[in-house]
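Next come the chains, spelled out residue by residue.
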Amino acid sequence: MSHSVTIAPRGSRLALWQASLITSRLMSLHPNIQITLRIIKTKGDIILDVPLAKVGGKGLFVKEIEDALLTGEADLAVHSMKDVPMELPAGLTLGCIPARERCCDAFLSQHWPTLEALPQGAHIGTSSLRRQAQILALRPDVRISSLRGNVDTRLRKLHEGAYDAIILAEAGLKRLELRAPCMESLEAPHLLPAVGQGALGIQCRTDRKAIIYLLSPLEHAPTRPYVTDARALLCRLEVRVQVTLHAFL
């Protein structure tokens, strides 16, 4: 099949790595296709001095990319599923969900081997409210500050001594082959990961049947129900929370 495909990734090293992974897999399956990358800067990449929860949540990392898909400026996008809002815009679908990487979070430090080993009052960096709440449940004595930026930026701030430890998704570290002097996997049930963490979602328009056909060999059957069921559960929890809050207002 002869086909020209445009992928719209963000400009971070991890996003480009993920887009390159899908590019190489598609080209090995379909040698005649031509693939180009059209890097898009999202609002989440621009606003780095405010916690995500205060400026719209994780949807900030996909809005401009989804607009490019809908207008036809791009054919597909490679997202980290944990960054994709629970409801997709009308006209868009997850054409493919490949096999996922490990879904747990990782503790990283220059000096301390584990979360438990941190001294009283240690300073931890993370931008995630989910991580903050769970870390404080385990270590109520620590101080947590918002830490935004790509993986390289966060590791650099750790190396410079801005934090005693930081928390990142283990999948991104493995994909980029990055490490810190001290690392610990934070497994469930002690620290629950974000919904869809470790999985990639390849998004495209629902009417682009040729694109969906190109993507179909990359689908990993066991991963899709893991992602979709967890997302459905979170949607129901969010609805119940909204109903409960409305009852008290």
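What you see as residue numbers is a count from 1 along each chain, following the sequence as written. Given that this is a predicted model, residues contribute local features only at a pLDDT of at least 70 and side-chain atom pairs are listed and counted only at 80 or more, while totals for whole chains, interfaces and linings are drawn from all residues. Processing note: side-chain calculations cover all non-hydrogen atoms of the structure and skip hydrogens and water entirely.

Colleague: Mind showing me how you'd approach unusual backbone geometry here?
Modeller: For the peptide bond that leads from Ala188 to Pro189, omega is 10°, which places it in the cis range. A run of H or I in DSSP becomes a helix once it reaches four residues, and a run of E becomes a strand once it reaches two; helices and strands are each numbered from the N terminus. Assignment of secondary structure puts Pro189 in the loop between strand 9 (182–186) and strand 10 (200–205). Although it is not a glycine, Glu177 adopts a positive phi angle of roughly 55°. As for its position among the elements, Glu177 is in the loop between helix 6 (170–176) and strand 9.

Colleague: What is the right way to read the layout of surface pockets from this model?
Modeller: Summary: where empty space remains is shown by rolling a probe the size of a single water molecule over the atoms. In this analysis, the protein atoms alone were mapped onto a 1 Å grid. Cavities are point sets where a 1.4 Å probe fits without being able to get out; pockets are open sets with protein on both sides within 12 Å along at least five of seven lines; lining residues have an atom within 4 Å of a point. Grid points are joined across faces, edges and corners, and a volume is the space filled by probe spheres set on the points. Of the volumes computed, that of the second largest pocket is approximately 150 Å³. Thr114, Leu115, Glu116, Leu138, Glu184, Ser185, Leu186, Glu187, His190 and Leu191 together form the lining of the second largest pocket. Nonpolar residues are Ala, Val, Leu, Ile, Met, Phe, Trp, Tyr, Cys and Pro. Charged residues are Asp, Glu, Lys and Arg, and all others, Gly as well, are polar. Within the lining of the second largest pocket, the residues separate by chemical class into four nonpolar, three polar and three charged.

Colleague: Got a minute to help me understand the sheet that holds strand 4 (residues 92–96) in this structure?
Modeller: Backbone-to-backbone hydrogen bonds join strands into a sheet, with any given pair of strands oriented parallel or antiparallel. In short, DSSP must find at least two bridges between two strands for them to pair. The strand order across the open sheet built from three strands is 3-10-4, with neighbouring strands paired in antiparallel fashion. Edge strands, defined here as strands with exactly one partner in the open sheet, are strand 3 (77–80) and strand 4. In this sheet, adjacent strand axes meet at a mean angle of 45° when their direction is disregarded. Strand direction decides the pairing type here: strand 3 and strand 10, joined by four bridges, are antiparallel. The residue of strand 10 that forms the bridge with Ser80 is Leu200. Note on geometry: axes are C-alpha line fits, over the in-contact stretch for helices, and angles between N-to-C directions span 0 to 180 degrees.

Colleague: Looking at this structure, I do not really get the environment of Gln110. What am I missing?
Modeller: Its place among the elements puts Gln110 in the loop between strand 5 (105–109) and strand 6 (123–125). In this structure, the C-alpha to C-alpha distance between Gln110 and Met183, residues 73 residues apart in sequence, is 8.8 Å. In what follows, a contact means two residues having at least one pair of non-hydrogen atoms within 4.5 Å. Dropping the residues within four chain positions of it, Gln110 is found in contact with Leu158, His159, Asp164, Pro181 and Cys182. One polar contact links Gln110 to His159, side chain to side chain, over a distance of 3.5 Å. In protein, a polar contact means a hydrogen-donor-capable atom and an acceptor-capable atom, both N or O and within 3.5 Å, with residues adjacent in sequence counting only if both atoms are side-chain atoms; elsewhere, any N or O pair within 3.5 Å suffices.

Colleague: What is the right way to read the packing of aromatic side chains from this model?
Modeller: Two aromatic rings, taken as a pair, are described by how far apart their centres are and by the angle between their planes. Under the pairing criterion, centres of Phe, Tyr and Trp rings, with the six-membered ring standing for Trp, must be within 6.5 Å; the plane angle then separates stacked pairs below 30 degrees from edge-to-face pairs above 60, leaving the rest tilted. One pass over the structure, following the stated rule, counts zero aromatic pairs. Lysine and arginine charges are scored as sitting over a ring when NZ or CZ, respectively, is within 6 Å of the ring centre and within 35 degrees of the ring normal. Across from the ring centre of Tyr226, 3.9 Å away, lies the NZ or CZ of Arg100, which sits over that ring.

Colleague: Quick question: what am I supposed to make of the pattern of salt bridges here?
Modeller: Oppositely charged side chains may form a pair once their charged atoms are brought near each other. Here, a salt bridge means any Lys or Arg side-chain nitrogen found within 4 Å of an Asp or Glu carboxyl oxygen. Applying the stated rule across the entire model yields 14 salt bridges. A salt bridge links Glu160 to Arg156; the nearest nitrogen and oxygen atoms lie 3.3 Å apart. Think of it in three bands: residues with accessible area under 20% of the maximum for their type are buried, residues over 50% are exposed, and the middle band is partly exposed, with areas taken using a 1.4 Å probe on protein chains only. For Arg156, a relative accessible area of 42% corresponds to the partly exposed category.

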